[in-house]
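Survey of secondary and tertiary structure
One letter stands for each residue in the lines below.
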Amino acid sequence: MSSLKTILSGMRPTGKLHLGHLVGALENWVTLQGQYKNYHLIADYHALTTNLDSSGLYQNSVDMTIDWLAAGIDPEKSPIFRQSQIKEHTELHLIFSMLITAARLERNPAVKDQVRDLNIESVTYGHLGYPVLQAADILLYRGELVPVGEDQVPHVEISREIARRFNSQYGEVFPEPEPKLTKFARLPGLDARRMSKSLGNTILLSDPPDEIQRKMRTAITDPQKIRKNDPGRPQVCLVFTYHQKFNAAEEQSIEADCRSGVLGCVECKRRVAEKISATLTPFREKRAYYESRPGEIRDLLASGERRARERARQTMADVRTVMKLG
Ligand code: SF4
């Protein structure tokens, strides 16, 4: 048995990934490979909480897997698997749903944010309970750490509560997972809101250079810098945040030139778009390689699912033993 701690990380398959995914999650996942035992979950059941159309889930899962691989996830070290293919997720979710009150879930700020962002009129039972499914996702693999952005910390807290409740009610099976925050936890979208496909403010990891330039031209900047030579305030400018992330070598000169008015926003945006394109060049090349090999993707998902299922079955056997359901 490996002595490495276990990390469960996952995403909903909503298609091709964007820069926010890279900065908020993928870079971190790649760094964590080798230091921990990682499981990478394609949360396809979670996708149904906000979109009932399941027809695109498989292709979206494939697209997301290709992005993960292109970003450097090694499926030999870290199994990649679809939640819907491991039935133990739903079994543990059902048991966990008895261990938390509806009132506790209604207080969850992340669901409130989603309802607002997506204009959802009434929340379904499944949507309200998705942190419970998330707890099952994590604890099925006895995840000890969960890499998350700050907005997801309340969910990990719910997983901890459920683990405690289960252990005290039935017997010690689960660790209490801890959130593991990423350093650069969130990259805003081009309109300064959360970067999200549904908000139409993303740069995709697969976007070619001219598309990145085009999108960057739409990014909002310091509203007080109207003409090229007006002094700007980089600290309130979204484009400067992108420079800090993708053009750190020039951060200081960009900051000074913006403040003095030497640098105009058009040129500033062109330069950061160029840096982003350069960062994504190896990613696009790897993506093209995997895109032309759908059989390879199918096989690696099947292999990841076999490995995940094995671990999930061990956990459910322990759950059934302590609950005396055997
Ligand atoms: S020059 Fe650059 S950093 Fe300054 S306001 Fe314009 S886009 Fe932002």
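Residues numbered from 1 in each chain as written. Predicted model: local features only at pLDDT ≥ 70, side-chain atom pairs only at ≥ 80, totals over all residues. Heavy atoms only, no water.

Focus on the overall build of the protein chain
Counting its secondary structure elements, the protein chain contains 14 helices and five strands. In terms of overall size, the protein chain behaves like a compact globule, its C-alpha atoms giving a radius of gyration of 21 Å where 326 residues would be expected to give roughly 20 Å. By its C-alpha atoms, the protein chain is 75 × 45 × 40 Å across when sized along the principal axes. Among the 326 residues that make up the protein chain, the fraction classed as buried is 50%. Sequence separation of at least 24 residues holds for 78% of the intrachain contacts in the protein chain that already meet a minimum separation of 6. Carbon and sulfur atoms make up 51% of the accessible area of the protein chain, which totals about 15,800 Å². (Helix = DSSP H or I, 4+ residues; strand = E, 2+ residues; numbered from the N terminus. Rg over C-alpha atoms; globule rule 2.2 N^0.38 Å. Buried < 20%, exposed > 50% of the residue type's maximum accessible area, 1.4 Å probe, protein only. Contact = heavy atoms within 4.5 Å. Areas by Shrake-Rupley, 256 points an atom, 1.4 Å probe, with all protein chains shown as cover.)

Points about the side chain of Asp44
Relative to the helices and strands, Asp44 resides in helix α2 (residues 44-47). For Asp44, which is buried and forms no salt bridge, the nearest opposite charge comes from Arg82, at a distance of 5.3 Å. Those residues in contact with Asp44 that sit more than four places away from it in its chain are Pro13, Leu57, Arg82, Gln83 and Ser84. (Lys, Arg positive; Asp, Glu negative; His and termini not counted. Salt bridge = Lys/Arg side-chain N within 4 Å of Asp/Glu carboxyl O.)

Describing the packing of aromatic side chains
Counted by the stated rule, this structure contains nine aromatic pairs. Ring centres of Phe96 and Phe166 lie 6.3 Å apart, and the angle between their planes is 70°; this geometry places the pair in the edge-to-face category. One end of the pair, Phe96, is in helix α4 (residues 88-96); the other, Phe166, is in helix α9 (residues 153-170), with 70 residues separating them in the sequence. In this structure Phe96 comes out as buried when scored by relative accessible area, which is 0%. One aromatic cluster is present, formed by Phe96, Phe166, Tyr170 and Phe174 through successive ring pairs. The lysine or arginine in question, Lys37, covers the ring of Tyr39, its NZ or CZ lying 5.4 Å from the ring centre. When the ring centre of Tyr289 is taken as reference, the NZ or CZ atom of Arg293 above it lies at 3.7 Å. (Phe/Tyr/Trp six-rings, centres within 6.5 Å; stacked < 30°, edge-to-face > 60°. Lys NZ or Arg CZ within 6 Å of the ring centre and 35° of its normal.)

Thoughts on the pattern of salt bridges
Inspection of the entire model under this criterion finds 25 salt bridges. One salt bridge connects Arg164 with Glu176, and the closest N-O pair in it is separated by 2.8 Å. One end of the pair, Arg164, is in helix α9; the other, Glu176, is in the loop between α9 and β5 (178-181), with twelve residues separating them in the sequence. One network of salt bridges, with partners in common, ties together Glu157, Arg160, Arg164, Glu176 and Glu178.

With respect to α4
Of the residues making up α4, those classed as buried are Glu88, His89, Leu92, Ile95 and Phe96. For α4, the angular spread of the buried residues around the axis is 130°, confining them to a single face. Looking at the buried positions of α4, the neighbouring elements they touch are β2 (37-42), β3 (80-82), α8 (130-140), α9 and α14 (294-322). (Arc of directions from axis to C-beta.)

So, to be careful, I would describe these as geometric facts and stop short of saying anything about function.
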